[in-house]
Amino acid sequence: MNNFDKNIFDCLILGGGPAGMSGALYCSRANLNCAIIDSSALGGAPANYCEIENYLGFNRIEGAELCERFEEHINNFNVQKFPFEEIQSVELTSDIKKITTEDKELFAKSIIIATGAKPQKLNVKGEKEFFGRGVSYCAVCDGAFYKNKITAVVGGGNSALEEALYLTRFCDKVYLIHRRGEFRADKIIQKRIFENKKIELVLNSVVEEIIGDNKVQGIKIKNVSNNEIKTLVVQGVFPYIGLSPNSELFTNQLQTDEKGFIITDNTMQTNIQGVYAIGDIRNTPLRQVITAVSDGAIAGVSVSKYLMNIEKGAVHESISL
Ligand code: NAP
């Protein structure tokens, strides 16, 4: 195949969460021929957040609704979409980049990586075995199954505290288990946690094992101050202990930090020219919807400048197709 036979996008955006959709908006408004590829529907992780109240302009909005609004917005522009396309491999180093999915080969002059991050696992006995049978990483998706039941949320960040509050809509009681004596979540959310009578704090404690028969029936926890082990009767466990990046496809080509988050400069460019990383997958001090869309805006403008520079100079396509 030569370059006359294939459709080369100006920019392919990998991942259709808030970062990717923002990148697409900026690319399309710069009149670039761009497309978003995502392994599922557009929306990304915030589509499963209960409520967002730190996205400027909205006092409170459900994550799913905000993501729908983002998608409606980009639908007004020329953004091609490839949802439910699992990316199998990427070739980023040549001038023309190649993305391979199960049934497509797509080519682009530039790439924006916005594949986000996934929940970190507790890595304790019972977690894998009871996944879908009492262990869940999505309170918004599964919370309603725990009406009048007792659940445990693990973690001390914004996600754990927000989702624990969300679960109190359904559950009789929610244990909030955290390995330290203080939370890192925003103070405003901490205040709501302390005031909520359905939430019982289990501090300085870690989960040792998730137990049950066919479904979760309890968790063994260890108090790290005195090594005391006790069992809590719960029917559901929701670990929210941070994120690990969806960067496996890229780590052999791109520079990452020790956890696998992709390192960029302040134009969002990675160590490869024409390849950008934005949102939760980026090595960034803050992972929020508002910072993700900001990353997308910067990357969209950077791509536009990069392609203008290519047009001015000579670029040699070295990929063998
Ligand atoms: P996070 O802020 O990284 O917090 C992870 C929590 O899990 C920490 O409290 C940590 O404890 C604990 N933890 C980590 N490893 C653990 C382990 N092996 N066992 C037990 N506990 C463990 O993660 P997050 O709450 O999932 O949030 C991820 C990112 O999304 C953050 O940047 C957050 O601000 C953002 N977020 C934003 C919003 C919003 O803006 N509305 C909502 C949710 C999340 P230590 O505190 O002891 O380290």
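Values in this document were obtained by computation on a predicted structure and should not be read as measured data.

With respect to topology, four strands assemble into an open sheet ordered S12-S11-S10-S16, the strand pairing being parallel. Two strands bound the open sheet, and with one partner strand each, they are strand S12 (199–202) and strand S16 (236–239). Geometrically, the sheet is characterised by an average inter-axis angle of 20° between neighbouring strands, direction not taken into account. Across five bridges, strand S10 (residues 150–154) lies against strand S11 (residues 173–177) in parallel orientation. Counterpart to Thr151 in the pairing with S11 is Val174.

This part takes up the domain arrangement of the chain. Entries for the chain in the domain assignment read domain 1 (8–119 + 243–312) and domain 2 (139–239). Facing the eight residues of domain 1 at the interface are 10 residues of domain 2. Summed over both sides, the interface between domain 1 and domain 2 buries roughly 660 Å², with carbon and sulfur atoms accounting for 41% of that surface. A per-residue breakdown of the area domain 1 buries against domain 2 is headed by Asn48, Cys50 and Glu53, which together make up 59% of the total. Our enumeration of links across domain 1 and domain 2 arrives at two salt bridges. When the shortest N-O distance is used, the salt bridge between Arg169 and Glu51 registers 3.8 Å. Seen at the junction of domain 1 and domain 2, the total is one residue pair in polar contact (both at pLDDT 80 or more). Looking at side-chain class alone, the side of domain 1 that touches domain 2 contains two nonpolar, three polar and three charged residues.

Definitions and limits used
- Residues numbered from 1 in each chain as written.
- Predicted model: local features only at pLDDT ≥ 70, side-chain atom pairs only at ≥ 80, totals over all residues.
- Heavy atoms only, no water.
- Pairing = 2+ DSSP bridges.
- Helix = DSSP H or I, 4+ residues; strand = E, 2+ residues; numbered from the N terminus.
- Axes fitted to C-alpha atoms, helices over the stretch in contact; angles between N-to-C directions.
- Domains from an automatic or database assignment.
- Contact = heavy atoms within 4.5 Å.
- Buried area = accessible area lost by both parts, 1.4 Å probe.
- Salt bridge = Lys/Arg side-chain N within 4 Å of Asp/Glu carboxyl O.
- Polar contact = N/O pair within 3.5 Å; in protein donor to acceptor, adjacent residues only side chain to side chain.
- Nonpolar A, V, L, I, M, F, W, Y, C, P; charged D, E, K, R; others polar.

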